[in-house]
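Structural features, examined
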Amino acid sequence: MKKILITGGAGFIGSHLVRLMVNKYPNYEIVNLDTLTYAGNLENLKDIENASNYRFVKGDITNHCFVDELFKKESFDGVMHLAAESHVDRSIASPMQFIMTNIIGTVHLLNAARESWKDKIEGKCFYHISTDEVYGSLGNEGYFVEDTSYDPRSPYSASKASSDHLVRAYHHTYNLPIVISNCSNNYGSFQFPEKLIPLMINNIKQEKPLPVYGKGDNVRDWLWVEDHVKAIDVIYHNGKIGETYNIGGDNEWTNLDLVHALCDIMDEKLNKPSGSSRNLITFVEDRKGHDHRYAIDARKLKLGLGWKPSLQFDEGLDKTIDWYLQNTEWLENVTSGAYQDYYKEQYKVNV
Ligand code: NAD
Ligand code: TYD
């Protein structure tokens, strides 16, 4: 029986990871630690909330007394650390919470793991789930590899880069057993509708303007969230301690092409005249310091550990759109309240 702590398990990627781990490993005890910010929602885990090998603990990783106590009480064998502030636009508007959670919170977890594992490190692993945005911005050519120099350019990516460095520093300095992965943009069910794909789906559904930053020519490499969590499972179990693995979908899209695709698929699904949703596209002021392109070379993971994405993008978008169209109650719940204020502030329009 192994006991694994997953932080941020009520968020988008975390909830998919908790579900995979609880269902796939009945002999593991999975403890989900989450403070339930606007982005964390226990509704994301309704289907497994009563599983006998699953437990939820509400708590804040920036509170070191709480984190230390939890590690003392529980004796975890492993940590999969996803808890974070994750949205670039919010980090531009107010960076401090990103510093607190992504950097300070990570260090509290590292300290607690170090103390808890000081007498026996065999079989232990602290896995930091990170982003490709730490590598900065690419031109039209080239890919991020694991030893690309860090060049973070938003408060979000700088905070994740900082936490990656600290995780590596704890390995080199204290021999803490760690592994890190840096993944490209995820999409799929349960993603909070502030990120590009769910925001556009929600707006198309409601016939609201579709805010495309700048000219829409920035490029992102999209990966289905369930393929990301399968990669995390593979890396946690078979990755080499101290190593970094890049995870990506080999699936680059300009934002405008992607929004066009979403419009066209949804016109068909909602029986609207062909081309009508594209009329909602509104070019808005560009994001400050907007990174031009992210693209991942994931050969180390593919060739070394045998992972590959399972789903084509057209199927993934189809499934994702269907999920948002079917889960109207979830969407209404998460977009009520504070989301309205965020939306008005970010897009300078009424919701
Ligand atoms: P998310 O914003 O959907 O979820 C983050 C979760 O962390 C939420 O449940 C939130 O309540 C929790 N949390 C935030 N602050 C906390 C705190 N102080 N204490 C405890 N819990 C706290 O994020 P996501 O998109 O699921 O991303 C998860 C992780 O994966 C992040 O570390 C992110 O940097 C990384 N990542 C995300 C992507 C992506 O495309 N979304 C890509 C690569 C890496
Ligand atoms: P996002 O989903 O926020 O992910 P990230 O910034 O972490 O890559 O944004 C993806 C891309 O979409 C990014 O280039 C910014 C752009 N974008 C828009 O054009 N309009 C929007 O309303 C949002 C949220 C993002």
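Just so it is clear, the structure is predicted and the values come from calculations on it, not from any experiment.

Conventions used here
Counting restarts for each chain: residues are numbered from 1 in the order of the written sequence. Going through the entries in the order they are written, you letter the chains from A and number the ligands from 1. With pLDDT at 70 or above as the cut-off, local features in this predicted model cover only qualifying residues; side-chain atom pairs require 80 or more to be listed or tallied, and sums for whole chains, interfaces and linings still use all residues. Heavy atoms from the whole structure form the basis of all side-chain values; hydrogens and water molecules are not counted. Numbering of helices and strands starts at the N terminus; helices are DSSP runs of H or I of at least 4 residues and strands are runs of E of at least 2. Both definitions apply: the radius of gyration is a C-alpha atom measure, and the globule rule equals 2.2 Å times residues to the power 0.38. With a 1.4 Å probe rolled over the protein chains alone, any residue whose accessible area is under 20% of its type maximum counts as buried; one over 50% counts as exposed, and the rest are partly exposed. Computed with the Shrake-Rupley method and a 1.4 Å probe, the accessible areas treat only the protein chains shown as cover for residues. Note that His is not counted, nor are the chain ends; the positive residues are Lys and Arg, and the negative ones are Asp and Glu. For this purpose, a charge sits on NZ of Lys, CZ of Arg, CG of Asp or CD of Glu. Being paired, for any two strands, means DSSP has found at least two bridges between them. For helices, the axis comes from a line fit to the C-alpha atoms of the stretch in contact; other axes are also lines fit to C-alpha atoms, and the angle between any two N-to-C directions lies between 0 and 180 degrees. In what follows, residue pairs with any heavy atoms lying within 4.5 Å of each other are defined as contacts. A pocket here means an open set of points on a 1 Å grid, computed over the protein atoms alone, that has protein on both sides within 12 Å along at least five of seven lines. A cavity is instead a set of points where a 1.4 Å probe fits but cannot get out; residues with an atom within 4 Å of a point line either one. Grid points are joined across faces, edges and corners, and a volume is the space filled by probe spheres set on the points. Charged means Asp, Glu, Lys or Arg here, nonpolar means Ala, Val, Leu, Ile, Met, Phe, Trp, Tyr, Cys or Pro, and polar covers whatever is left, Gly included. Multiplying 1.5 Å by the helix residue count minus one yields the expected span of that helix. Working definition: rings of Phe, Tyr and Trp (its six-membered ring) pair if their centres are within 6.5 Å, and the pair is stacked with planes under 30 degrees apart, edge-to-face with planes over 60 apart, and tilted otherwise. In this scheme, Lys NZ or Arg CZ marks a charge over a ring once it lies within 6 Å of the ring centre and within 35 degrees of the ring normal.

Quick word on the overall build of the protein
A tally of regular secondary structure across the protein gives 12 helices and 12 strands. Rg of the C-alpha trace for the protein: 20 Å, near the compact-globule value of 20 Å for 351 residues, within the 12% margin. Viewed in the frame of its principal axes, the protein has a C-alpha envelope of about 65 × 45 × 40 Å. Expressed as a percentage of the 351 residues in the protein, the buried residues total 56%. Summing over all exposed atoms, the protein offers an accessible surface of approximately 15100 Å²; the carbon and sulfur share of this is 49%. Once the 37 positive and 48 negative side-chain charges of the protein are each reduced to a mean point, those two points are 3 Å apart.

Some remarks on the pairing of strand β9 (residues 219–224)
Most of β9 sits inside the fold, with six of its six residues counted as buried. Both faces of β9 are covered, namely the face carrying Val219, Asp221 and Leu223 and the face carrying Arg220, Trp222 and Trp224. Sheet topology places strand β7 (residues 185–187) next to β9; three bridges connect them, and they run parallel. In the strand pairing of β9, Asn185 is matched with Trp222. Here β9 runs beside strand β11 (residues 252–254); their pairing, made up of three bridges, is antiparallel. Counterpart to Arg220 in the pairing with β11 is Trp253.

Quick notes on the sheet that holds β9
Pairing within the open sheet is mixed, and its three strands lie in the order β7-β9-β11. On the outer flanks of this sheet lie β7 and β11, each paired with one strand and no other. Taking the axes of each pair of neighbouring strands and ignoring which way they run, one obtains an average angle of 50° across the sheet. Contacts between helix α7 (residues 225–238) and the sheet are confined to β7 and β9, with β9 contributing the most and set at about 70° to the helix.

Here's the deal with empty space enclosed by the protein
Scanning the model with the defined rule gives two cavities of 30 Å³ or more in all. Estimated volume of the largest cavity: approximately 50 Å³. The residue inventory of the lining of the largest cavity, partitioned by class, reads three nonpolar, three polar and five charged. Looking at the second largest cavity, its volume works out to about 40 Å³. In this structure, the second largest cavity is lined by Phe12, Tyr38, Ala39, Asn41, Asn44, Phe190, Phe192, Trp330 and Val334. Considered class by class, the residues forming the lining of the second largest cavity number seven nonpolar, two polar and no charged.

Describing helix α1 (residues 12–24)
With 13 residues, α1 should cover 18 Å at 1.5 Å per step; its first-to-last C-alpha distance of 19 Å lies within 8% of that length. For α1, the set of buried residues is Phe12, Ile13, Gly14, Ser15, His16, Leu17, Val18, Arg19, Leu20, Met21 and Val22. Against β1 (2–7), β2 (28–34), β3 (54–58), β4 (78–81), β7 and α7 lie the buried residues of α1.

Overview of the packing of aromatic side chains
Counted according to the given criterion, the structure contains 20 aromatic pairs. Here the aromatic rings of Tyr25 and Tyr28 are separated by 4.6 Å at their centres, their planes lie at 10°, and the arrangement is stacked. Across the pair, Tyr28 and Tyr25 agree in class, each one buried. Between Phe98 and Tyr156 the ring centres are 6.4 Å apart and the planes differ by 80°, which places this aromatic pair in the edge-to-face class. Highlighted residues: Phe98 in helix α4 (residues 96–116) and Tyr156 in helix α5 (residues 155–174), separated in sequence by 58 residues. Put simply, the rings of Tyr38, Phe192, Tyr213, Tyr339, Tyr342, Tyr343 and Tyr347 touch in pairs and so form one group of aromatic residues. Over the face of the ring belonging to Tyr343 we find Lys208, whose NZ or CZ atom lies 4.6 Å from the ring centre.

Considering unusual backbone geometry
Most of the time, phi is negative for any residue but glycine, and the peptide bond is trans. Even without a glycine there, the phi angle at Ser75 is positive, about 50°. Relative to the elements of secondary structure, Ser75 occurs in the loop between α2 (64–74) and β4. Residue Ser75 is classed as partly exposed on the basis of its relative accessible area, which comes to 48%. Non-glycine residue Phe190 carries a positive phi angle of around 65°. Relative to the helices and strands, Phe190 is located in the loop between β7 and α6 (196–205).

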